[in-house]
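So the chains spell out like this:
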There are 2 protein chains.
Amino acid sequence: MRKGLSQLSKMSLLHLKTGSVCPPTTPGLLRCYNMKYCPYAQRTLLVLHAKNIKHEVVNINLMEKPEWFFEKNPLAKVPTLELDGKLMYESLVTCDYLDEVYPEPPLYPRDPWQKGRERCLIELFGKVISSMYKTYRAYAKEDKEEMAETFNEVVNGLAPFEAELKIRGTKFFGGNTPGMLDYILWPFGERFPVVEISARKMLPQTELPLLKSWMQNMKEDRAVKAVYIPPEIHKMYLEDSLSGKPGYDKNYSALLASKV
Amino acid sequence: MRKGLSQLSKMSLLHLKTGSVCPPTTPGLLRCYNMKYCPYAQRTLLVLHAKNIKHEVVNINLMEKPEWFFEKNPLAKVPTLELDGKLMYESLVTCDYLDEVYPEPPLYPRDPWQKGRERCLIELFGKVISSMYKTYRAYAKEDKEEMAETFNEVVNGLAPFEAELKIRGTKFFGGNTPGMLDYILWPFGERFPVVEISARKMLPQTELPLLKSWMQNMKEDRAVKAVYIPPEIHKMYLEDSLSGKPGYDKNYSALLASKV
């Protein structure tokens with residue numbers, strides 16, 4: 001096990017690919033199939049850490065998927081959860097399951113209408129995600145006009161979330177501690193600096209002051225710290241991805257250190 | 001109120017559009033914003049009927065959306081639920097909410113992993129939905145090759161659902177009575193005959209015998225009967241939609257009767 005890796009999580013570091021053998025499972029131990037840079041799988045990891053759920057992580061190469069992975073999930077996507085031969089997939093489905101079965105700390109509001117409202121906001125955030133990917137693609141094409149346009153789309157998409165934090169008047173969407181909405185949004189919050197680098201513009205402090213504080217506050221959370229990847233590494237991974245060669249197993253940290 | 005309309009549901013038949021005024025709400029009465037031919041909104045109506053929840057329906061013209069509708073739902077989509085000024089949207093979010101707050105009959109399995117599995121199958125069904133829309137578009141272009149290809153995609157996408165019915169060995173996915181998976185899938189099941197008409201091919205009895213029985217069984221369900229639209233009317237609506245002029249308020253039943 002890598003030094004400093006959370007005691008909660010046993011992780012196979014290399015991304016398994018075509019021709020590999022699925023590592024044997026351990027009875028009673030929850031397994032999360034993951035890709036190190038996948039924001040959707042990161043949601044599930046965040047919830048696993050927030051709830052102190054013992055688990056292991058198996059990383060999957062999404063460009064050359066192992067044959068056996070299609071038997072785990074017909075969509076062959078991450079996150080996929082496995083427990084004693086039972087399988088479940090999709091970030092929201094897995095996070096909701098974990099919240100139901102491991103109730104502490106509860107991540108959704110108790111009131112069903114309020115819970116539904118959180119899920120509406122998660123759906124609404126889909127617009128922000130699609131604008132973020134547009135910004136990345138504009139960056140890859142070095143299309144400055146498109147970069148500016150799509151960046152504005154991100155900022156506009158974030159406005160209802162800034163408004164929501166204002167209405168709630170709390171540090172996190174979940175209150176004094178992060179809730180489900182915080183953890184579902186965070187993997188993209190962690191990548192906001194990459195959007196800023198891609199668009200060569202900063203998210204405006206005047207328009208989004210509460211979201212900017214939220215980003216700082218989230219970085220202090222224990223679960224976030226456990227799976228945090230810094231912007232510089234996200235950027236290197238993104239550039240490799242955009243060129244069609246995602247560096248699942250590349251040692252970006254070492255590359256980064258060598259540049260300093 | 002139209003004769004024969006379910007006593008559970010008070011429905012404004014015309015689809016309200018730009019320039020309209022939002023009809024006043026009734027305290028304590030659940031309202032569902034709907035579009036008569038929207039399969040996603042139909043999911044919510046099915047759950048409302050399955051659980052005998054008193055509600056009213058307000059139909060929305062999705063091509064010329066009322067200005068006030070954006071205040072109800074920033075995505076301005078149906079279904080949207082409103083109750084005493086509180087708002088919720090998205091078919092899965094609203095259906096899950098209704099199941100939580102109106103527990104009888106329960107539509108999900110009690111076991112959280114089984115519940116998660118139902119939600120995985122709902123996600124997996126997304127592939128079938130996207131293939132269905134491809135078939136419609138091939139039909140609009142009269143591209144016979146594409147019609148055949150996309151129809152095969154639908155058939156292949158349905159294979160895991162046929163297999164699931166076989167494993168379960170029950171009349172419905174939910175057992176002896178329809179459950180959430182049945183109601184979430186049904187609006188598309190109701191439109192399978194339109195796919196058959198579009199592709200000029202029948203879903204193969206030999207490959208999908210259990211799903212074909214499922215379709216017959218579903219048509220006998222009380223909730224399904226309450227919101228059922230026959231294939232001929234779906235087809236007329238689809239053709240108008242594909243030509244860019246969806247006939248939200250067109251009297252397709254009368255047109256159909258005049259043809260007989």
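Owing to the predicted nature of the structure, the values given are computational and were not obtained by experimental measurement. Every chain is numbered on its own, with residues counted from 1 as its sequence reads. For this description, chains carry letters from A and ligands carry numbers from 1, given in the order in which they are written. Local features in a predicted model are, by the rule used here, given only for residues with pLDDT of at least 70; side-chain atom pairs are given and counted only at 80 or more, and totals for whole chains, interfaces and linings are based on all residues. With hydrogens and water stripped out, all remaining heavy atoms of the structure feed into the side-chain values.

**Digging into the pairing of strand β3 (residues 55-60) of chain A**
Walk down a regular strand and you will see the side chains alternate between the two sheet faces.
Residue and element names in this part refer to chain A.
Argument step 1. Under the scheme applied here, a residue whose accessible area is under 20% of the maximum for its type counts as buried, over 50% as exposed, and between as partly exposed, the area being computed with a 1.4 Å probe on protein chains only. Secondary structure is summarised from DSSP: a helix means a run of H or I of at least four residues, a strand means a run of E of at least two, and numbering begins at the N terminus for each. With six of six residues buried, β3 is to be regarded as a mostly interior element.
Argument step 2. With burial as the criterion, each face of β3 is covered, one bearing H55, V57 and N59 and the other bearing E56, V58 and I60.
Argument step 3. In the classification by handedness, the crossover that spans strand β2 (residues 30-34), the intervening helix α1 (residues 39-50) and the parallel β3 is right-handed. Here a crossover is taken to be right-handed if, once the strands point away from the viewer, the path from the first strand over the helix to the second is traced clockwise.

**Comments concerning the environment of L107 of chain B**
Residues and elements named next belong to chain B.
Argument step 1. If you trace the backbone, L107 turns up in the loop between α3 (91-101) and α4 (112-141).
Argument step 2. In sequence terms L107 and K51 are 56 residues apart; their C-alpha atoms lie 9.1 Å from each other.
Argument step 3. Ignoring anything within four residues of it in the chain, the contact list for L107 reads V47, K51, D99, P178, G179, M180 and Y183. By definition in these notes, contact holds between two residues if any of their heavy atoms fall within 4.5 Å.

**Examining the interface of chain B and chain A**
Argument step 1. With 27 residues of chain B at the interface, the matching set in chain A holds 27 residues.
Argument step 2. Summing both partners gives a buried area of about 2,500 Å² for chain B against chain A, and 68% of it is carried by carbon and sulfur.
Argument step 3. Interface area lost by chain B to chain A is led by V93, W113 and R119 of chain B, which between them contribute 28%.
Argument step 4. Any Lys or Arg side-chain nitrogen found within 4 Å of a carboxyl oxygen on Asp or Glu counts as a salt bridge. Taken together, chain B and chain A are joined by four salt bridges.
Argument step 5. The salt bridge involving D96 of chain B is made with R119 of chain A; its shortest N-O contact spans 2.8 Å.
Argument step 6. Distance and chemistry together define a polar contact, namely a pair of N or O atoms within 3.5 Å, with one atom able to donate a hydrogen and the other to accept it when in protein, and with adjacent residues in sequence counting only for side-chain atoms on both sides. Put simply, chain B and chain A have six residue pairs in polar contact (both at pLDDT 80 or more) between them.
Argument step 7. Mapped by element, the contributors of at least two residues to the side of chain B that touches chain A are β4 (80-83), β5 (86-89), α3 and α4 of chain B.
Argument step 8. With ten residues, α4 of chain B is the single largest residue contributor to the side of chain B that touches chain A.
Argument step 9. Considered class by class, the residues forming the side of chain B that touches chain A number 16 nonpolar, one polar and ten charged. Throughout, buried area stands for the accessible area (probe radius 1.4 Å) lost by two parts on being put together, summed over both. Three residue categories are used. Nonpolar comprises Ala, Val, Leu, Ile, Met, Phe, Trp, Tyr, Cys and Pro, charged comprises Asp, Glu, Lys and Arg, and polar comprises the others, including Gly.

**Some points on the domain arrangement of chain A**
Residue and element names in this part refer to chain A.
Argument step 1. Domain delimitation in this document rests on an assignment produced automatically or drawn from a domain database. Entries for chain A in the domain assignment read domain 1 (9-101) and domain 2 (112-238).
Argument step 2. One C-alpha centre belongs to domain 1, the other to domain 2; they are set 24 Å apart.
Argument step 3. In this assembly, 18 residues from domain 1 lie in contact with 20 residues from domain 2.
Argument step 4. Here domain 1 and domain 2 share an interface that buries about 1,800 Å² over both sides, 68% of which is from carbon and sulfur atoms.
Argument step 5. On the domain 1 side of the contact with domain 2, Y37, Q42 and L46 bury the most area, a combined 37% of that side's loss.
Argument step 6. At the boundary of domain 1 with domain 2, the tally comes to zero salt bridges.
Argument step 7. Across the contact surface, domain 1 and domain 2 share six residue pairs in polar contact (both at pLDDT 80 or more).
Argument step 8. Counting residues per element, the ones that place at least two in the side of domain 1 that touches domain 2 are α1 and α3 (91-101).
Argument step 9. No other element matches α1, which puts nine residues into the side of domain 1 that touches domain 2.
Argument step 10. Looking at side-chain class alone, the side of domain 1 that touches domain 2 contains eleven nonpolar, three polar and four charged residues.

**Comments concerning the nonpolar core**
Argument step 1. Here, nonpolar core means buried Ala, Val, Leu, Ile, Met, Phe, Trp, Tyr and Cys residues that are tied together by side-chain atoms lying within 4.5 Å of each other. By size, the foremost hydrophobic cluster in this structure holds 118 residues, and its most contacted members are W214 of chain A together with W214 of chain B.
Argument step 2. Each residue touching W214 of chain A, except ones within four places of it in the same chain, is listed here: L165, K171, F172, F173, D182, L185, W186 and G189 of chain A.

**Focus on helix α10 (residues 231-242) of chain B**
Residue and element names in this part refer to chain B.
Argument step 1. For α10, with twelve residues, the first-to-last C-alpha span of 16 Å sits near the 16 Å given by 1.5 Å per residue.
Argument step 2. Among the residues of α10, P231, I233, H234, M236, Y237, L238 and D240 are the ones counted as buried.
Argument step 3. In the core, the buried residues of α10 are packed alongside α4, α7 (192-199) and α11 (252-259).
Argument step 4. Trailing α10 by a residue or two, G244 shows a phi angle of about 85 degrees, which is positive. Expected helix span is taken as 1.5 Å per residue step, with the number of steps being one fewer than the number of residues.

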